[in-house]
Amino acid sequence: MSQVAPPRECLGYGQPVGGVVQTAFVVEDLAAAIERQIADCGAGPFFRLDHFLRPGQVYRGAPSRADIALAMGFAGHMLIELIQPLDEHPSVYREAIARRGYGFHHFGVGARDVDEAARAYRARGFVEAFRAEVPTGGEVIYLDGGNGAQDGFIELIPVSAGMDAHFTAMWRASLDWDGRDQVRPFL
């Protein structure tokens, strides 16, 4: 007799808690990257945040002053994040660019408790590369599987009512999107 896996808890936009809820890319030009995602992947609209520099950011164990611009949009149920570094301060983004150039950066995994999830990853050999407070509540943690930015990072994203509501609202905006208002404010 086969065992049936129990149903997984899903976010309002269909992705499973504990699974990949986002795919992210580091880009040289955010506006151009948004245009490519819309034209090539049918993603959109995109929700843009012009500066993400939070107090208390930590990169590789030291305070971080790295600032980025970012935009998020959906292609189906997949949330795509585009990230443009705005300065030369050390960061997980600059690390990836130096190691292998622009392109894939991380998979975002939704976690009810990011610290608990990070402990489980650390038990498997991962190390914390970056930590920052996020506008939807809580802190994200980027984890390095042991080879720096070569294979990309895992970002643990705190699953909260605010996060789910915000990302689900972005997804709903994509459902019957007519191509107008391609870039909108993040919050």
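Scroll up for the structure.
Definitions and cut-offs
- Residues numbered from 1 in each chain as written.
- Predicted model: local features only at pLDDT ≥ 70, side-chain atom pairs only at ≥ 80, totals over all residues.
- Heavy atoms only, no water.
- Helix = DSSP H or I, 4+ residues; strand = E, 2+ residues; numbered from the N terminus.
- 1 Å grid on protein atoms, 1.4 Å probe; cavity = no way out; pocket = protein on both sides within 12 Å on 5 of 7 lines; lining within 4 Å.
- Points joined across faces, edges and corners; volume = space filled by probe spheres on them.
- Nonpolar A, V, L, I, M, F, W, Y, C, P; charged D, E, K, R; others polar.
- Buried < 20%, exposed > 50% of the residue type's maximum accessible area, 1.4 Å probe, protein only.
- Pairing = 2+ DSSP bridges.

J.: How should unusual backbone geometry be read in this particular structure?
T.: Negative phi is the rule for most residues except glycine; trans is the rule for most peptide bonds. In this model, Gly 44 is joined to Pro 45 through a cis peptide bond whose omega is -5°. With respect to the element layout, Pro 45 can be found in the loop between helix 1 (30-41) and strand 2 (46-52). You will see that Arg 60, though not glycine, has its phi angle at about 50°, which is positive. If you trace the backbone, Arg 60 turns up in the loop between strand 3 (58-59) and strand 4 (62-63). If you check the backbone angles, Asp 181 has positive phi at about 50° while not being a glycine. Within the element layout of this structure, Asp 181 appears in the loop between helix 4 (161-175) and strand 11 (183-185).

J.: Just checking my understanding: could you explain empty space enclosed by the protein for this structure?
T.: To find the voids left in a structure, one rolls a probe of water-molecule size over its atoms. Applying the stated rule across the entire model yields two cavities of 30 Å³ or more. Here the largest cavity defines a volume of roughly 220 Å³. Forming the boundary of the largest cavity are 20 residues, of which Met 72, Glu 81, Val 134, Val 140 and Glu 155 lie nearest the centre. Elements represented by at least two residues in the lining of the largest cavity include exactly strand 2, strand 5 (68-75), strand 9 (139-144), strand 10 (153-158) and helix 4. Class assignment of the residues belonging to the lining of the largest cavity gives a composition of 16 nonpolar, two polar and two charged. Around the second largest cavity, the lining residues are Phe 52, Gln 57, Ser 64, Ala 66, Ile 68, Ser 91, Tyr 93 and Phe 130. Tallied by class, the residues present in the lining of the second largest cavity amount to five nonpolar, three polar and no charged.

J.: Help me understand the pairing of strand 9, please; the structure alone is not making it clear to me.
T.: Along any regular strand, the residues point their side chains to alternate faces of the sheet. The buried fraction of strand 9 amounts to five of the six residues, a majority that puts the element mostly inside the structure. As paired strands, strand 8 (residues 127-133) and strand 9 are joined by six bridges and run antiparallel to one another. Its bridge partner lying in strand 9, Ala 132 is registered against Val 140. If you look at the hairpin formed by strand 8 and strand 9, you'll find five residues sitting between the two strands, and Gly 137 has a positive phi there, around 110°. As judged from the three bridges shared by strand 9 and strand 10, these two strands associate in the antiparallel manner. By the bridge assignment for strand 10, Ile 141 is matched with Leu 156.

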